[in-house]
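Each chain is listed here by its residues.
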Amino acid sequence: MVQPTALYSPDAILAIEGMDEIERMEGAPNPFWNPTRFEVTWGLVAMTGLTSPPHVQVEPMRRATRDELTLFHDPSYVETLELFGNMGNAFSKRFGPPSPECPVFTIMHEYEAYTVGATIDAVVGVAEGRFKNAFSFFGGFHHALESKAAGFCYLNDCVVSLKVLKQLRPDVRILYLDTDVHHGDGTQAAFYDDPNVLTISIHEKSMGFFPMTGGIEEIGTGPGKGYSVNIPLPPLTDDVEYWRAFEEIVIPLWEAYQPDFVFWEVGADAHMNDPLADLMLTLDTYQRLSRTVREMVHLGKQNLVAVGGGGYDPVTVARVWSLVLADMAGVCLPPTVPLEWAEMCERLGLKVTRVGWTDRPHRIEVENVSKIRNAVDRTIKGLKELVFPIHGLT
Ligand SMILES: [Zn+2]
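Residues numbered from 1 in each chain as written. Predicted model: local features only at pLDDT ≥ 70, side-chain atom pairs only at ≥ 80, totals over all residues. Heavy atoms only, no water.

J.: Please explain the coordination of the zinc ion as it appears in this structure.
T.: Where a metal carries four tetrahedral donors, each ideal angle is 109.5 degrees; where it carries six octahedral donors, the ideal angles are 90 or 180 degrees. Taken together, the protein ligands of the zinc ion are D180 (OD), H182 (ND1) and D269 (OD), with distances of 1.9 to 2.2 Å. Positions of the donor residues of the zinc ion, expressed as sequence spacing, correspond to D-x1-H-x86-D. Of the two residues, H182 is situated in the loop between β4 (174-178) and α9 (185-190) and D269 in the loop between β7 (261-265) and α11 (283-299); the sequence distance between them amounts to 87 residues. We classify H182 as buried; its relative accessible area is 8%. Taking the relative accessible area as the measure of exposure, D269 reaches 0% and is therefore buried. (Donors = N, O, S within 2.8 Å, 3.2 Å for Na, K, Ca; no water. Helix = DSSP H or I, 4+ residues; strand = E, 2+ residues; numbered from the N terminus. Buried < 20%, exposed > 50% of the residue type's maximum accessible area, 1.4 Å probe, protein only.)

Structural data, given as structure tokens:
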């Protein structure tokens, strides 16, 4: 019998009463909450046959309980989120004013609690051997802190689910790999002194770019020193330079650390089409990332859970996550995206410009090549000096 990849259906979230309020909400248009993002992503996996058994098992999302959420979050923060419907301004005053990225809206607790519940179930299901691996598309809220919402994130499903895993298997060694274009600051902060959670975040870092943290010098503290790793990359970094950094830093650390459990935040916002960020990755890099992660997990006999994370061009998000899911589940994708999906995107006002699973290669403009290469060199060299010796690497 084939052991399935678990995939979490957005039906429960889409059925929340008041979901349509999101479309009328003030603030930056945000596909994290925009039903279009769910429809387009789910539409593509369903229409390509990826949601069918036996390779993929579709699971419902469920709300995380308060006991689960408070494994990481401050109880009064969770309570305030829950009660927000009656006390909106109290939330604002206590946890920072609403921002375009974190507006206050009445169903925010319910919405986010579903994303946390799904990620917990993914982690526990894989840890208990019910699934080969799991992908929770609508999780990955890596910026949320213990009692603070930030960067579209109110509750941190990555941290909460890993805390649940640590309760279940106290000696587990976790690799948290974050390839979202933004630094995984919330998750890093939660495990900053913990040598049993190696966090590696590879992200854009530039003047004023959210969340502005994630320099190479942030390496953890106390017993966790050397177990927080940051790979900052300059704007316009392309496939070649990105992959060079990944191979030089991530692979050796992964091999040296020998995790039992790999948790991958697969933000699709490092893709060149993303409107909010400046890295220039194509689908080729996502394909390569996905194969590499799968092979490393397989060779090390490790567990794997992936979560969606960021990505603000819904068509790109759908293509990236479909590729990753197909790879995790061991399913071949059809040569092109289904015509009916392209038509669906069009109806929603979105353009599908590539029907295959590749992009035109992107080349850095000549005048920027050496600047980017030198910046990546500095990052690699710095990390090899700061972090590698702690892991017995030279
Ligand atoms: Zn992001």
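J.: Sorry, what's going on with the packing of aromatic side chains here?
T.: Both the distance between ring centres and the angle between the ring planes are used here to describe each pair of aromatic rings. In total, this model carries 11 aromatic pairs according to the counting rule given. Both rings, one in F135 and one in F137, keep their centres 4.7 Å apart while their planes meet at 85°; by these two values the pair is edge-to-face. Given the relative accessible area of 0%, F135 is considered buried. A relative accessible area of 0% means that F137 is categorised as buried. (Phe/Tyr/Trp six-rings, centres within 6.5 Å; stacked < 30°, edge-to-face > 60°.)

J.: What is the right way to look at unusual backbone geometry in this model?
T.: In most cases, non-glycine residues show a negative phi, while peptide bonds are predominantly trans. Each neighbour pair has its own omega, and for P53 with P54 the value is 5°, a cis peptide bond. Within the element layout of this structure, P54 appears in the loop between α3 (35-47) and β2 (56-60). Looking along the chain, the bond that leaves F210 and enters P211 is cis, with omega of -5°. Following the sequence through the fold, P211 ends up in the loop between β5 (197-204) and β6 (228-233). Even without being glycine, M212 reaches a positive phi, approximately 75°. In this fold, M212 is placed in the loop between β5 and β6. Phi at Q258 takes a positive value of approximately 50°, unusual for a residue other than glycine. In this fold, Q258 is placed in the loop between α10 (239-257) and β7.

J.: For this particular structure, what's the right way to read empty space enclosed by the protein?
T.: It is a probe the size of a water molecule, rolled over the atoms, that shows where empty space is left. Inspection of the entire model under this criterion finds 1 cavity of 30 Å³ or more. Reported here for the largest cavity is a volume of approximately 40 Å³. Forming the walls of the largest cavity are Y176, D178, H183, G184, Q188, T199, I200, S201, V229 and N230. Broken down by secondary-structure element, the contributors of at least two residues to the lining of the largest cavity are β4, β5 and β6. Of the residues contributing to the lining of the largest cavity, the split by class is 3 nonpolar, 6 polar and 1 charged. (1 Å grid on protein atoms, 1.4 Å probe; cavity = no way out; pocket = protein on both sides within 12 Å on 5 of 7 lines; lining within 4 Å. Points joined across faces, edges and corners; volume = space filled by probe spheres on them. Nonpolar A, V, L, I, M, F, W, Y, C, P; charged D, E, K, R; others polar.)

J.: Sorry if this is basic, but what is going on with the pattern of salt bridges here?
T.: Two side chains bearing opposite charge may form a pair once their charged atoms approach each other closely. Inspection of the entire model under this criterion finds 14 salt bridges. A salt bridge links E68 to R62; the nearest nitrogen and oxygen atoms lie 2.9 Å apart. Given the relative accessible area of 26%, R62 is considered partly exposed. A salt bridge links E110 to R63; the nearest nitrogen and oxygen atoms lie 3.7 Å apart. With E110 in helix α7 (residues 108-127) and R63 in the loop between β2 and α4 (66-69), this pair connects stretches of sequence that are 47 residues apart. Residue classification places E110 among the partly exposed positions, given a relative accessible area of 25%. (Salt bridge = Lys/Arg side-chain N within 4 Å of Asp/Glu carboxyl O.)

J.: Would you mind going over the packing of α7 against helix α8 (residues 157-168) with me for this structure?
T.: Helix packing for two helices is described by the angle between their axes and how far apart those axes are. Packing of α7 against α8 brings their axes to within 8 Å, and their N-to-C directions diverge by 35°. Every pair of crossing elements has a handedness; the one defined by α7 and α8 is right-handed. Only D157, V160, S161, V164, L165 and L168 of α8 make contact with α7, whose side of the interface consists of T115, V116, T119, I120, V123, V124 and A127. Split by residue class, the contact of α7 with α8 holds 9 nonpolar, 3 polar and 1 charged. (Axes fitted to C-alpha atoms, helices over the stretch in contact; angles between N-to-C directions. Left-handed = near helix turned anticlockwise from the far one by under 90°. Contact = heavy atoms within 4.5 Å.)

J.: How do you make sense of the packing of α10 against helix α14 (residues 366-386) when you look at a structure like this?
T.: Between α10 and α14, the shortest axis-to-axis distance is 10 Å and the interhelical angle comes to 10°. It follows that α10 is roughly parallel to α14 by the angle criterion. Contacts between α10 and α14 involve E241, R244, A245, E248 and I249 from the former and I372, R373, V376, D377, I380, L383 and K384 from the latter. Residue composition of the contact of α10 with α14, grouped by class: 6 nonpolar, no polar and 6 charged. (Parallel < 35°, antiparallel > 145°, perpendicular 65-115°, else oblique.)

Nothing here speaks to function; it is all geometry.
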